[in-house]
Amino acid sequence: MKIMLASLENSDEIMALYKSLVGTPGCTWDEYYPSSENIAQNIRNNSLYIIKDDCGGIIAAAGAEVERAHINIGCWSKEIKNPCGLFRVAVRGDMHNRRIGETLVRYIKDDLFSKGFDAVILLVSPTNPAAVSLYKKCGFVKRGECSMYDTQWDCYEVMNK
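Everything quoted here is computed from the prediction, not taken from an experiment.

Calculation criteria
- Residues numbered from 1 in each chain as written.
- Predicted model: local features only at pLDDT ≥ 70, side-chain atom pairs only at ≥ 80, totals over all residues.
- Heavy atoms only, no water.
- Salt bridge = Lys/Arg side-chain N within 4 Å of Asp/Glu carboxyl O.
- Buried < 20%, exposed > 50% of the residue type's maximum accessible area, 1.4 Å probe, protein only.
- Core = buried A, V, L, I, M, F, W, Y, C linked by side-chain atoms within 4.5 Å.
- Helix = DSSP H or I, 4+ residues; strand = E, 2+ residues; numbered from the N terminus.
- Contact = heavy atoms within 4.5 Å.

## Brief notes about the pattern of salt bridges
(1) Moving on: In this structure the tally under the stated criterion is 8 salt bridges.
(2) Moving on: Put simply, Glu37 and Arg44 hold a salt bridge, and the shortest N to O gap is 2.6 Å.
(3) Moving on: Measuring nitrogen to oxygen at the nearest pair gives 3.0 Å for the salt bridge that ties Glu102 to Arg99.
(4) Moving on: On the accessibility criterion, Glu102 (9% relative accessible area) is buried.
(5) Moving on: For Arg99, a relative accessible area of 57% corresponds to the exposed category.

If you want it as structure tokens, here you go:
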């Protein structure tokens, strides 16, 4: 396995990964989101990470960028001054329960902390127990709840110690 930033040539495979998860328990995505433009913008911002298997296929993806930090929703610890938002964590269905999501989230978290962010924050659907479990394993703590994008979310954070 190799973790790296995605490139535009990975766009179609990343989109296929995301679309393959639409309709799975707890998934809040649909036929419109995420879009190819979302993916392209994340790639242009150097904010979309992927894991490739030994054959070069993408088995996981996740994004992290300041614009997705949602700092103004009021859930987060007051000590947070420079957060980065984690979003759209996806692991290919046949690769679930192999700690791949955990590997990717921990890698991104460490990378963001090394870049000077003091916290990683995210919104997760409370109807997605697999995602909630993943974030807790990676040290995230629930700080509140909010409503955004016509959906209820739990607000999770992990601070750089």
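There is more to say after this.
## Let's talk about the nonpolar core
(1) Moving on: Judged by nonpolar contacts, the single largest core of 29 residues is most densely connected at Leu86, Val105, Ile108, Leu112, Tyr135 and Phe140.
(2) Moving on: Elements that contribute at least two residues to this core include exactly strand S2 (48–52), strand S3 (58–65), strand S4 (83–91), helix H3 (100–114), strand S5 (119–124), helix H4 (129–137) and strand S7 (151–159).
(3) Moving on: Looking at this core element by element, the count peaks at 6 residues for H3.
(4) Moving on: The residues touching Leu112, leaving out its near neighbours within four places in the chain, are Tyr49, Ala64, Cys84, Phe117 and Val120.
(5) Moving on: Counting 14 residues, the second largest nonpolar core, distinct from the first, contains Ile14, Ile39, Leu48 and Ala61.

By themselves these figures say nothing about function.
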